[in-house]
Amino acid sequence: MLAWNKLFSAALLPRTLAASALLLGIAGQAHADEVDILFVGNSYTHGRYNPVLNYNAGPANAPGNDVVHDLLCPSAPCGGVEAGPQVTPTTANTPGGTLSGQLNYLQSNPGSQYNEVGPRAGVAGIFLQFTKDAGLNYNVSSLTVSSATLTGYANNTGSELGLLPLITNSKYNQVVLQDQSFQPLPTTIQVNGQTVPTRGNPTSFQSGVNRLITGIDAADKAAGKPNAAITLYQTPPIAAFGFTSNNPNAPIFGSSTVAQQNGNKAYAPYVGDANPIAAMASDLHNAYTAEAAAFNAANPTLSHVNVALAGDAWVTAINKGLAQFNPFLANQPAGQIDLWDSDPLLACCTVPIGYHSSQYGDFLNALVLFGQITGVNPETLLAEWDPNNPLYSASASQALGISPDIAMALAIAAEDTLLAGGPAAAAPEPSTWAMMILGFAGIGCMAYRRRKGLVQLPA
């Protein structure tokens, strides 16, 4: 358990009591009209690995709103890219003897690599569970092609062929748009005085956002409906873009690495930066917020665009000492969680570990999306944090194997990021932090920092 678990248990009691009152305050709104929401993205939305990948997932034709409707899976069993059976490489079933040998075997045998069988839900599935816990009425759908870009969806070609009409229609009140992890980055960055390419394509990112929103609004206008609310989902920074690894148990292996791209620094552009995670998160923050501001200024009569700063929340979690800064180190600080994936066999072989999210990272992403989209403080999700609550057995944290203390700490990181509009500062020493929390509680309880349960955060 984390060294500061007892600190949270004691110091967060006032926040928990306030959260109870807050949920009672919104109970009258629990039966509001159903909100139809669509998540559009790639593996950073569908969650590449189980237990997140298939959590709360169902086919598109599933009745009701108890599951995320995977639009790539019209009916069960799924076909095409979502077809089974599931392949999960382990040390027991992968030939090669050593980790290096097993990785080389997987690279040479794509059929033995981990696959993403549908129906898939991932972050959208966690979001759905949060809305249930909060008593909200959301009908969630997802459209998530691995490695897809927003421009790819807008072009309606390649792996995204035929999917554009599923996005640009009038069914949804809200739409979440998530681009390829590095697409919004500047084309080059400065690291230690050197100009480094990034593989970023900000022009494509901006074009994809603009074209999809324009198409969505046109469909809404034709149907006589109000414009859908749009949320841009800022993806998290990539550890493999910022660090090298000398840890034989955590090798940076795969086709998307500097070594296998003939030394191309664009595959690890932030290596050498004093704080590569914060640097990449800052570049993503600037790209997403600038695009939202530009679109809103240029199109005052079209959909309003907000940004869910999920990537910034990762920096907050690192700053608070909750999460690891460099997941490739052999000796990590005691008790810190890894927000990135950490199993080289599962990650193999198109990307390395430190590229996609772990269940902790996806949980944090969903918390930020939940808070941004619904306006509800993520700290109020009582079923997530209390094993004595009868609803806990159905909670996302229980399903994903995340302890209540860590789930609450992640919720605090999410809420602090939402309130700050970016990464929250590094935490003080534990004793000082405890006094701060208790002090805020005495003033009015930090769980009441948004005085009303349902308040849309500012753009």
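Attention here is on the structure that accompanies the text. For every chain, the first residue of the written sequence is number 1, and numbering continues from 1 onward in sequence order. Per-residue local features are limited, in this predicted model, to residues with pLDDT of at least 70; the limit for side-chain atom pairs, both in listing and counting, is 80 or more; totals at the level of whole chains, interfaces and linings are taken over all residues. Based on all heavy atoms of the structure, the side-chain values leave hydrogens and waters out of the count.

**A word on the state of the cysteines**
Then, in step 1: By convention in this document, the label disulfide applies to cysteine sulfur atom pairs within 2.5 Å. Under the criterion given, the structure shown has 2 disulfides.
Then, in step 2: In this model, cysteine 73 is linked to cysteine 78 through a disulfide, with the two sulfur atoms separated by 1.9 Å. On the sign convention where negative is left-handed, the bridge of cysteine 73 and cysteine 78, at about -90° about the S-S bond, is left-handed. In terms of burial, cysteine 73 and cysteine 78 fall into one category: buried.
Then, in step 3: The disulfide that involves cysteine 348 links it to cysteine 349, with 1.5 Å between the sulfurs. In this structure, the disulfide formed by cysteine 348 and cysteine 349 twists by about 65° around the S-S bond and is classed as right-handed. A single burial state applies to cysteine 348 and to cysteine 349, both of which are buried. Between buried and exposed lies partly exposed: a residue is buried under 20% and exposed over 50% of the maximum accessible area for its type, with that area taken using a 1.4 Å probe on protein chains only.

**Quick word on the pattern of salt bridges**
Then, in step 1: Counted as salt bridges are all cases of a side-chain nitrogen of Lys or Arg within 4 Å of a carboxyl oxygen of Asp or Glu. Tallied over the entire structure, the rule returns 4 salt bridges.
Then, in step 2: Salt-bridge contacts for arginine 48 lead to glutamate 116; the nearest nitrogen and oxygen are separated by 2.7 Å. Taken as a pair, arginine 48 in the loop between α3 (43-46) and β2 (57-59) and glutamate 116 in the loop between α4 (99-108) and α5 (123-133) lie far apart in primary sequence, 68 residues in all.
Then, in step 3: For arginine 48, a relative accessible area of 8% corresponds to the buried category. Per the convention used, a helix needs a DSSP run of H or I reaching at least four residues, while a strand needs a run of E reaching at least two, with both numbered from the N terminus.

**Overview of the side chain of aspartate 220**
Then, in step 1: Position of aspartate 220 relative to the elements: it lies in helix α8 (residues 202-223).
Then, in step 2: In this structure aspartate 220 is buried but unpaired, with lysine 225 as the nearest side chain of opposite charge at 4.9 Å.
Then, in step 3: Residue contacts are defined here by distance: any two heavy atoms, one from each residue, within 4.5 Å place the two residues in contact. Setting aside anything within four residues of it in sequence, one finds aspartate 220 in contact with Asn169, Ser170, Lys225, Pro226, Asn227 and Ala228. All tallies of charge rest on Lys and Arg as positive and Asp and Glu as negative; His and the ends of each chain are not included.

**A short note on unusual backbone geometry**
Then, in step 1: Each neighbour pair has its own omega, and for glycine 84 with proline 85 the value is 0°, a cis peptide bond.
Then, in step 2: Position of proline 85 relative to the elements: it lies in the loop between β3 (68-70) and α4.
Then, in step 3: Note that the residue after cysteine 348, namely cysteine 349, is joined by a cis bond; omega there is 20°.
Then, in step 4: Assignment of secondary structure puts cysteine 349 in the loop between α11 (344-347) and α12 (359-374).
Then, in step 5: Positive phi values are uncommon outside glycine, yet asparagine 192 reaches one of about 55°.
Then, in step 6: Relative to the helices and strands, asparagine 192 resides in the loop between β6 (188-191) and β7 (194-197).
Then, in step 7: Residue class for asparagine 192 comes out exposed when judged on its relative accessible area of 63%.

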